[in-house]
Amino acid sequence: MAYLTVGGAWLLMLDHAAGLAAWPLLLFSTVLVQILLQRTIAAAEPLAGPAGVTLDSLADMVIVVDRDHRLLGWNRAAAALAGFDALWLGRRLEDAFAVGDDAALTAGLTLGDEVPGAEFEARLVGAAGTTLPCRWTAATAGHVLVLSGRLAAGGHRAAADRERVLHQMVDSVGQLIAVVVGGKVVFVNRTGAALLGAAAPDDLTGISWGDLCQHQPRGAAAATLRRRDGSAVDVDIIAIPIVYEGRTATLVQARDVTEVQRGAQALDDSESQLRQVLDLIGDAVLTVDPSGIVRSFNPAAERIFGYGYHEVVGRDLSLLLPRSRQSEHARAMAGYASAGEAMQRTVSALRRDGSEFPVEVSVVERLSREGRMFTTVVRDISERRRTEARLLIAEKVLECTVEGVMVTDPRGTIQWVNAAFCKISGFEREEVMGESAGLLKAGSEGGDSYRTMWKQLRAVGHWEGEIWNRRKDGEAYLEWLNIRAVTDTAGMVTHYVGVFSDISRNKRAEETIKHLTYYDGVTRLPNRYLFRDRVGQALERAHRSDRMVALVLVGLDRFKQVNETLGHATGDALLREVAERLVRSVRSQDTVARLRGDTFCCVLTDLAHTQDATPVVNRVLESFTPSFVLNGHELFATSSLGISIFPADGSEVDDLVQKAEAAMSRSKDKAESTFHYYAPEMNVNSMERLRLETDLRKAIPQN
């Protein structure tokens, strides 16, 4: 693992950053914790930080790259989050970031080259494979670029609110609080500005601390500060080495001792306020002496570990560590105490109930009247580990699902897609990341459809329905799309998630089923089910418009002989040819259907007079005049036609079909290739013949 010390690239970065405007104060909570803990020391420290401090002592990630963006080194925080090891040396920085954030990373590095301390956001690929949103600061250091970053918190608005509250709390402290970096003041609170005679804290920013500190014996707790008007003020002073915005710094606390009584009351008030601030800090803060005895234990530590203050203070730190981890921690502490190596680790801690949980531990050494002390900051990362595990599982589930998943920002820019998306659309993941979701639009959808979709999305936050998209090869396909808006705690839309499935096959299957249900498999004409529906609609229209409808039943003569002599394949071919000739014979608004084996029906609509059907009937008969050439056989076919008229012959479909059947039977009896209109006596004759046949069949058994 590559390490960078304060004497190396880090100081080089600070040298290049010297003279720039002070960075914003983002770490108030850490500063105030160290102030409160330092209240117990008896002697002040020098402003210079202790030698041997390394980047590994920082909680923030630090990454150093060359001008070609190739990795030169990193600290422990970066290694822990990104999983860096020796194999990463020389690799491009972009390999460690999420696909789609290349532009943001390049822009941030370019801006950092021009404006040291430039900030930008980009997602780091974590050691577990999940993407981690981070906020980064970039700066140029000679021939290298230095990035400092941390996991993004709950949003800029929440961070600004916390920063404002902490600013107010620090400003309310009745003592001077200042941060000195590189010998210059980068922050001072309002009380400190007033103590030094400045109109506002900004008047002291950038001033050398040596110009303000008139006299302070090394290691002494008392000093004389010079006001802006040249007068002096005696103070009790405390100097604590800290890490401020990723840089080695000194936290200075000074109290005016010219008015001891009033100062004592102010001290009590400030300590009370600082204790309140400490109560707001979510991380456990402990002070441990070199022998491992706990000397302080903040309220957050009580909540995290489950112990009360008096149950821990005065006892060995091993109380808070699993037995299997105690010797390992003791060795790490011994190495830190003897060699000054950075102490920032992820370990297992032990709650009072005996449960183990993962924590991040950072240790900072300080000197006090009691000697060396170690301030330990412990962060419970249980929830983060669970979140990372859930995110990893969710990502794996989405990768395994057969439905395509696409995540976009509020403007519709694609930020993530799963494997099913690539399979359905034909696009590779790298081809669509950062592109507009509109690249999938087929163009066959009307503008109103998309406007309706977006209107509902903005109104209720979700939409689902059928929509046409296109694959990479240009093929349009129908998909069922479900889109939902993802909002933050303030109700603002941060992302859109679309889940879709290709329903083209389903639609084709539906059409096939529909065709098989309503169309004849041999001739592709409407079958009897669709025929009844078409006739029913035609009768309703004719009734409203006072028009007539004719049903022309066409029966093939001797069709059975064709099947028996030439085979069913030839018979089917004959039926298909007859169907084509019938369709050509009728008008465009008419319907031709196949009712059964050799029987067809032509539905002639919108007739003003009965005789209007005759020209069509003649064309039907004439269509049988040419011979049929089928499968190498030439044959002639004839037909017999029967016609019934609505409303003269009936108003129901079945009734009209029955009467057309009677008329067709009359045609078959009389001659081939002829037609008959239905007449009432046809029914009488048919009924008489049926009665006679029935009586004859019963005559012999009944003697």
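Residues numbered from 1 in each chain as written. Predicted model: local features only at pLDDT ≥ 70, side-chain atom pairs only at ≥ 80, totals over all residues. Heavy atoms only, no water.

Attention now moves to the packing of helix α18 (residues 559-566) against helix α19 (residues 568-585). Here α18 crosses α19 at 140 degrees, and the two axes come no closer than 6 Å. Overall, the two elements α18 and α19 adopt an arrangement that is oblique. Contacts between α18 and α19 involve Phe559, Val562, Asn563 and Leu566 on the former and, on the latter, His568, Thr570, Gly571, Leu574 and Leu575. Classifying every residue of the contact of α18 with α19 gives five nonpolar, four polar and no charged. (Axes fitted to C-alpha atoms, helices over the stretch in contact; angles between N-to-C directions. Helix = DSSP H or I, 4+ residues; strand = E, 2+ residues; numbered from the N terminus. Parallel < 35°, antiparallel > 145°, perpendicular 65-115°, else oblique. Contact = heavy atoms within 4.5 Å. Nonpolar A, V, L, I, M, F, W, Y, C, P; charged D, E, K, R; others polar.)

Under the counting rule described, the total for this entry stands at three cavities of 30 Å³ or more. The volume enclosed by the largest cavity comes to roughly 120 Å³. Across the lining of the largest cavity, the residue classes tally to eleven nonpolar, two polar and no charged. (1 Å grid on protein atoms, 1.4 Å probe; cavity = no way out; pocket = protein on both sides within 12 Å on 5 of 7 lines; lining within 4 Å. Points joined across faces, edges and corners; volume = space filled by probe spheres on them.)

Counting across every chain of the model gives 26 salt bridges. Ionic pairing is found between Asp101 and Arg123, a salt bridge with its closest N-O pair at 3.1 Å. Within this pair, whereas Asp101 is found in the loop between α3 (76-82) and α4 (102-114), its partner Arg123 is found in strand β3 (residues 118-125), the two being separated by 22 residues in sequence. Close ionic contact of Arg135 with Glu119 constitutes a salt bridge, the shortest N to O distance being 3.2 Å. Here the residue Arg135 occupies a position in strand β4 (residues 131-141), and Glu119 occupies one in strand β3, the gap between them amounting to 16 residues. For Arg135, a relative accessible area of 30% translates into the label partly exposed. (Salt bridge = Lys/Arg side-chain N within 4 Å of Asp/Glu carboxyl O. Buried < 20%, exposed > 50% of the residue type's maximum accessible area, 1.4 Å probe, protein only.)

Take the sheet that holds β3 next. Read across the sheet, five strands follow the order β2-β1-β5-β4-β3 without closing on themselves; strand pairing throughout is antiparallel. Every other strand in the sheet has two partners, leaving β2 (71-74) and β3 as the edge strands with one partner each. With direction set aside, neighbouring strand axes in the sheet form an average angle of 30 degrees. The pairing of strand β1 (residues 61-66) with strand β5 (residues 144-151) spans six bridges and is classified as antiparallel. By the bridge assignment, Val65 is partnered in β5 with Leu145. (Pairing = 2+ DSSP bridges.)

Moving on, we come to the pairing of strand β17 (residues 404-408). Buried residues dominate β17, accounting for five of its five residues. A two-sided burial pattern is seen for β17, the buried positions comprising Gly404, Met406 and Thr408 on one face and Val405 and Val407 on the other. With five bridges joining them, β17 and strand β21 (residues 493-502) adopt antiparallel strand pairing. The residue bridging Met406 from the neighbouring strand is Gly498, located in β21. Remark: five residues form the turn of the hairpin made by β17 and strand β18 (residues 414-417), two consecutive strands paired antiparallel; Gly412 in that turn has positive phi of roughly 90 degrees.

Here we take up the sheet that holds strand β28 (residues 674-677). The sheet built from five strands is open, its strands ordered β23-β24-β22-β27-β28 with mixed pairing. Unpaired on one side and paired on the other, β23 (591-596) and β28 mark the two borders of the sheet. If you compare each strand with its neighbour and ignore which way they point, the axes differ by 25 degrees on average. Along the sheet, helix α20 (residues 614-622) contacts β22 (548-556), β24 (599-607), β27 (639-646) and β28; its crossing angle with β28, the most-contacted strand, is approximately 150 degrees.

The values reported here are purely geometric and, on their own, carry no functional implication.
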